[in-house]
Amino acid sequence: MAIQLSDHFTYGRLLRFVLPSIATMLFISAYNVVDGLFVSNFVGKTAFASVNLIFPMLMIVGSFGFMMGTGGTAVVAKTMGEGHMELANRYFSLIVYVTAAVGLLCTLFGYLLMPYAALFLGAQEQMLSDCTLYGRICTLSLPFFMLQNVFQSFFVAAERPHLNFWVMLLAGCLNMLLDAIFILGFHWGLTGAAWATVLSEFTGGIVPLIYFICPNSSKLHLGKTQLYWPILGRTLVNGSSEMIGSISASFLITLYNYQLIKLSGENGVAAYGVIGYVCFIFAAIFIGYSEGCSPIISYHFGAGNNLELRNLFKKSTILTVSTGFIMMIVASFLAVYIARSFVGYDPVLFNITVYGLHVYAIAFSMFGFNIFSSALFTALNNGLISGIISFLRTMVFQIASIFILPMWWGLNGIWYSVVVAEAASLAIALIFLLANRSKYQYF
């Protein structure tokens, strides 16, 4: 029997509904990790460092699609809960069309400005050449990357989260297959890795677009619309926390790399690249859970069902907190094996990576609840609070930690900065949850 947004959710029903979203995010993380494995082991350390230097800039641009998807889904799902299905489809269509148009503009300007972006990030000599090459090729798929991010959320609102998983499975398998063909078979090096990413993102964006244009059995479809300026405004505000989180994460990687180049050179950037992949995988579980759960919360908020809101909040808190502690233990245990698979060929780099992973593992215990807390307020159509939590977590606390802690502890201060930032973010999230308890009645 199909699970609907209007259902009462037990643990089993909730996990079955959000599992495709979690699996989708995990698979996206996995094929990005495979990219890194191919580049590090078969192209070289400099190319690997270059990819990790320029990739955050591409993610910053692509995060517009993430904002439109999460913010727009909150608006559309709430409208569905209020019983206005035709209007919900008009809003959905507007959000998709605007995202595609912005993506095309980003491709043009991104291609032209890529060398300057690489210089700004500190790339020199071979790294500058590699960053420009990889970045320019990847800008070609920006419209489809943005659409891919938009449809991840809307597949859930359409009660078809499993279709999103299959789309991303197709795109991810294509990426890994093309990595092997282009890098190992054709010996295209970094160019091959970039084209593998472009073609997989094209697939991830165009397949859902075709699905929603063609007649389908879901609750959402693309069709005629008009410029609803207030809806675009609400979408941007609602999704601002997710965009802030995505931009901040990418911006922080840039700051980390800036500090690491000064403290440890190319080895520091490469080590952080490995740690970033692990963080991406673990955070993907919580991001996927929040994406899968948010439309349910928005629907019941729109329907005025406070009992179900309390049920969802309680279960989500238990799931995110317990999973976070499990991740901390797993990451600590696997640190040596992860580092060996990426950079085992360099003893110095290997030791730096292992130590960094052990420290980062502490922060994983807090990841889940912090991510869910921000997503909860987005789902409740309160983008302001969601944005504040996300901004403080990913910008204020981490930036302060990145620059202050190394003054005392050198390179080790870089690794501990995320632990300090997540602890401070947890305190802020709890304050906002308690302050808004009576307004939203989630506990």
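Our subject is the structure that appears above.
Note that this is a predicted model, so its numbers are computed, not measured.

**Things to note about the side chain of Thr139**
Part 1: For Thr139, the position within the fold is in helix α4 (residues 125–139).
Part 2: If we ignore the near neighbours within four places in the chain, the residues touching Thr139 are Leu58, Thr107, Gly110, Tyr111 and Met114.

**Describing a nonpolar patch on the surface**
Part 1: Taken together, the side chains of Leu105, Leu108, Phe109, Tyr111, Leu112, Leu113, Tyr116, Leu140, Trp195 and Leu199 define a hydrophobic patch exposed on the protein surface, amounting to about 990 Å² of accessible area.
Part 2: Elements that contribute at least two residues to the nonpolar patch include exactly α3 (85–120) and α7 (190–213).
Part 3: Ranked by residues supplied to the nonpolar patch, first place goes to α3 with seven residues.
Part 4: Checked against the element boundaries, Phe109 lands in helix α3.

**Focus on the nonpolar core**
Part 1: Counting 63 residues, the largest nonpolar core has Tyr134, Tyr256, Phe342, Tyr360, Phe364 and Trp415 as the members making the most contacts within it.
Part 2: The greatest single-element share of this core, amounting to twelve residues, is contributed by helix α10 (residues 266–302).
Part 3: Grouped together as the second largest cluster of nonpolar side chains are 56 residues, Met67, Met68, Val76 and Phe372 included.

**Quick notes on the environment of Val198**
Part 1: Summarising the element assignment, Val198 is placed in helix α7.
Part 2: On the basis of relative accessibility, which here comes to 7%, the residue Val198 falls in the buried class.
Part 3: When residues no more than four places from it in sequence are discounted, the contact partners of Val198 are Ile137, Cys138 and Ser141.

**Thoughts on the packing of α3 against helix α5 (residues 142–157)**
Part 1: The N-to-C vectors of α3 and α5 enclose an angle of 155°; their axes lie 7 Å apart at closest approach. Judged on the interaxial angle alone, α5 and α3 are roughly antiparallel. Seen from above, α3 lies across α5 with right-handed handedness. Residues Phe92, Ile95, Val96, Thr99, Ala100, Val102, Gly103, Leu104, Cys106 and Thr107 of α3 form the contact with α5, whose own contacting residues are Leu142, Pro143, Met146, Leu147, Val150, Phe151 and Phe154.
Part 2: Counted by class, the contact of α3 with α5 contains 14 nonpolar, three polar and no charged residues.

Calculation rules
Residues numbered from 1 in each chain as written. Predicted model: local features only at pLDDT ≥ 70, side-chain atom pairs only at ≥ 80, totals over all residues. Heavy atoms only, no water. Helix = DSSP H or I, 4+ residues; strand = E, 2+ residues; numbered from the N terminus. Contact = heavy atoms within 4.5 Å. Patch = residues over 30% accessible without salt bridge, like charges linked within 9 Å, V, L, I, M, F, W, Y side chains within 5 Å. Areas by Shrake-Rupley, 256 points an atom, 1.4 Å probe, with all protein chains shown as cover. Salt bridge = Lys/Arg side-chain N within 4 Å of Asp/Glu carboxyl O. Core = buried A, V, L, I, M, F, W, Y, C linked by side-chain atoms within 4.5 Å. Buried < 20%, exposed > 50% of the residue type's maximum accessible area, 1.4 Å probe, protein only. Axes fitted to C-alpha atoms, helices over the stretch in contact; angles between N-to-C directions. Parallel < 35°, antiparallel > 145°, perpendicular 65-115°, else oblique. Left-handed = near helix turned anticlockwise from the far one by under 90°. Nonpolar A, V, L, I, M, F, W, Y, C, P; charged D, E, K, R; others polar.

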